[in-house]
Amino acid sequence: MCSSDLPSIDAKGRMVLRSKVKRKKKLKGGKPPQKPGKGAKAQGKSAKAKNKKKRNKRKKSNVEVTTCPEEVLEDPEDLDTGYQELRGKVLAKLEEEDRRAEVTEVHRSVNLESKIENILATDCDTFYLVDLSTVILKYKYFKEFMPRVQPFYAMKCNPDPFLISTLVACGAGLDVASKPEMQKGLNAKQNPDNMIFANPCKMGEHIRFAAESGVTKMTFDNAAELRKVHKFFPNAEMVLRILADDSHSTMRFGSKFGANINTEVRPLLDLAYELGLSVIGVSFHVGSGCQSGEAYRNSLLLARKVFDIAEEKGHPMTFLDIGGGFLGTDTETVIFADIAKSITKSLDELFPPEIRVIAEPGRYFASECVVLVTTVIARREREREDEDRKSVV
């Protein structure tokens, strides 16, 4: 855990992590770059020659992960009381689990490349470095921009026990998709009420385990799943997964999951009520890697319609799961803060405050906190006949 070598938010509201920050090179004499004109061709050849020399030059270090740490903490106030409280809860939980000694506190003055080199000097040559401070800050930012939403970490993304314990200590729930994931959550002393079995295609054995463990919330999107849950866990709290707007995502789930609001929702609700099952709410997923807040807005409007249908049938709902799709890293066009603020605005417009709202972020928490260090087991250099350069395999 890094105690002060941490990410911050830039002027555009984007999160800046130490592995993303790069020092801008200053131009000599402060002169702006000249436009290409006469002699540009000759300069281009010169630049190519320099690049060729650079390629053939060996790097001083075998590891290159971080940059200048002084540029990362643009706002030291980012490590406010809220962060310190969360950090204290995490350390206390790790102490309780007797794993506190396995976490190293790293000061900002420590060079991460040097630390990796020291580990490589031992018998360990392939490993993860997990920055728990990044996880804590990501949780803090999530709640800052979406205060109504409780994140339920999608464990399938990365089931690292330290990552799970850190999020549980902060107050996050867990989105589990199988019996082993439920067991990992229970091992982290997670309250079963803060777990959701968010898999529309569950094994009977896993449903029985959920019943025995008190994990009552689970999703469905078809009649067969309803009958299966009724057989193994009739007291389950069912959450209807609807077909969402996934047109803005890099990986769409609509072809596999989700009930069509126009043709399938009413029959499924009628069947659930006929079987005596409790349908407490709605879930949706806009797809992995969502590029627009509009997808959440459109899907929330659909969820609102399902809430209205259930109320008409005399079974008001109290639970809403807005799924995942949040990027792990901000881009020039997709900024987490903007999408989160848009979601918060829509939630306040469409759902009263007594509705419990959760989300299922995965890569949002897992992608930026982990560095994978591995080794190259073999190397071969060969001269190419068609080109005046070496190729490395």
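Anyway, here's the lowdown on the structure attached to this text. (Residues numbered from 1 in each chain as written. Predicted model: local features only at pLDDT ≥ 70, side-chain atom pairs only at ≥ 80, totals over all residues. Heavy atoms only, no water.)

1. Quick look at the overall build of the protein chain
1) Next: Helix and strand counts for the protein chain stand at 12 helices and 16 strands.
2) Next: Evaluated residue by residue, the protein chain yields a buried proportion of 49% over its 393 residues.
3) Next: Put simply, 71% of the contacts in the protein chain that link residues at least 6 apart link residues at least 24 apart.
4) Next: Total accessible area on the protein chain is roughly 21300 Å²; 50% of this is exposed by carbon and sulfur atoms. (Helix = DSSP H or I, 4+ residues; strand = E, 2+ residues; numbered from the N terminus. Buried < 20%, exposed > 50% of the residue type's maximum accessible area, 1.4 Å probe, protein only. Contact = heavy atoms within 4.5 Å. Areas by Shrake-Rupley, 256 points an atom, 1.4 Å probe, with all protein chains shown as cover.)

2. As for the sheet that holds strand β10 (residues 278–283)
1) Next: Strand order in this closed barrel of eight strands is β4-β5-β6-β7-β8-β10-β12-β13, and the pairing throughout is parallel. Looking at each pair of strands side by side, their axes are set apart by 30° on average, direction ignored.
2) Next: Relative to strand β6 (residues 195–197), strand β5 (residues 173–176) runs parallel, the two sharing three bridges. When the sheet's bridge partners are listed, Leu174 is paired in β6 with Met195. (Pairing = 2+ DSSP bridges. Axes fitted to C-alpha atoms, helices over the stretch in contact; angles between N-to-C directions.)

3. A word on helix α9 (residues 265–275)
1) Next: For α9, the full list of buried residues reads Val265, Leu268, Leu269, Leu271, Ala272 and Tyr273.
2) Next: Looking at the buried side of α9, the elements it contacts are β7 (217–220), α8 (223–232), β8 (237–241), β10 and α10 (294–312).
3) Next: With its phi angle positive at about 85°, Gly276 sits one or two positions after the end of α9.

4. Notes on the pattern of salt bridges
1) Next: Enumeration over the complete set of coordinates arrives at 18 salt bridges.
2) Next: Between Glu349 and Arg297 there is a salt bridge; the shortest N-O distance is 2.8 Å. Taken together, the residues span a long stretch of sequence, with Glu349 in helix α11 (residues 336–350) and Arg297 in helix α10 at a distance of 52 residues.
3) Next: On the basis of relative accessible area, Glu349 is assigned to the partly exposed category, the value being 47%.
4) Next: Three or more residues joined by partner-sharing salt bridges are found here, namely Arg87, Arg100 and Glu105. (Salt bridge = Lys/Arg side-chain N within 4 Å of Asp/Glu carboxyl O.)

5. Some remarks on the nonpolar core
1) Next: The biggest cluster of nonpolar side chains holds 90 residues, and the ones touching the most others in it are Leu240, Phe284, Leu320, Ile322 and Phe326.
2) Next: Filtering out sequence-adjacent residues up to four positions away, Phe326 remains in contact with Phe142, Met146, Tyr296, Phe336, Ile343, Ala359, Pro361, Arg363 and Tyr364. (Core = buried A, V, L, I, M, F, W, Y, C linked by side-chain atoms within 4.5 Å.)

6. Quick look at unusual backbone geometry
1) Next: Here Asp98, not a glycine, exhibits a phi torsion of approximately 60°, which is positive.
2) Next: With a relative accessible area of 68%, Asp98 lands in the exposed category.
3) Next: One non-glycine residue, Lys189, lies in positive phi territory at about 60°.
4) Next: Mapped onto the elements, Lys189 comes out in the loop between α6 (179–187) and β6.

7. Examining the packing of α9 against α10
1) Next: At a closest axis distance of 11 Å, the pairing of α9 and α10 adopts a crossing angle of 40°. In terms of axis orientation, α9 runs oblique to α10. When you trace α9 past α10, the crossing you get is right-handed. Contact residues: Val265, Arg266, Leu269 and Tyr273 in α9; Val306, Ile309, Ala310 and Glu312 in α10.
2) Next: By residue class, the composition of the contact of α9 with α10 is six nonpolar, no polar and two charged. (Parallel < 35°, antiparallel > 145°, perpendicular 65-115°, else oblique. Left-handed = near helix turned anticlockwise from the far one by under 90°. Nonpolar A, V, L, I, M, F, W, Y, C, P; charged D, E, K, R; others polar.)

8. As for the packing of helix α2 (residues 81–96) against helix α4 (residues 132–145)
Helix-helix packing: each pair is described by the crossing angle between the helix axes and the interaxial distance.
1) Next: Between α2 and α4, the least distance of the axes is 10 Å, while the angle of their chain directions is 130°. What the angle tells us is that α2 and α4 run oblique. For the pair α2 and α4, the crossing hand works out as right-handed. Where α2 abuts α4, its residues Tyr83, Leu86, Arg87, Val90 and Leu94 lie against Leu132, Ser133, Ile136, Leu137, Tyr139 and Lys140.

9. Comments concerning the pairing of strand β13 (residues 356–359)
1) Next: Inspection of the sheet shows strand β4 (residues 149–154) paired to β13 by three bridges, in the parallel sense. Bridge assignment links Gln150 to a residue of β13, and that residue is Ile358.
2) Next: As defined by bridge partners, strand β12 (residues 319–321) adjoins β13 across three bridges and the pair is classed as parallel. Each bridged residue has a counterpart across the sheet, and for Leu320 the counterpart in β13 is Val357.
3) Next: This β-α-β element, β12 to α11 to β13, shows right-handed connectivity. (Right-handed = clockwise from strand over helix to strand, strands pointing away.)

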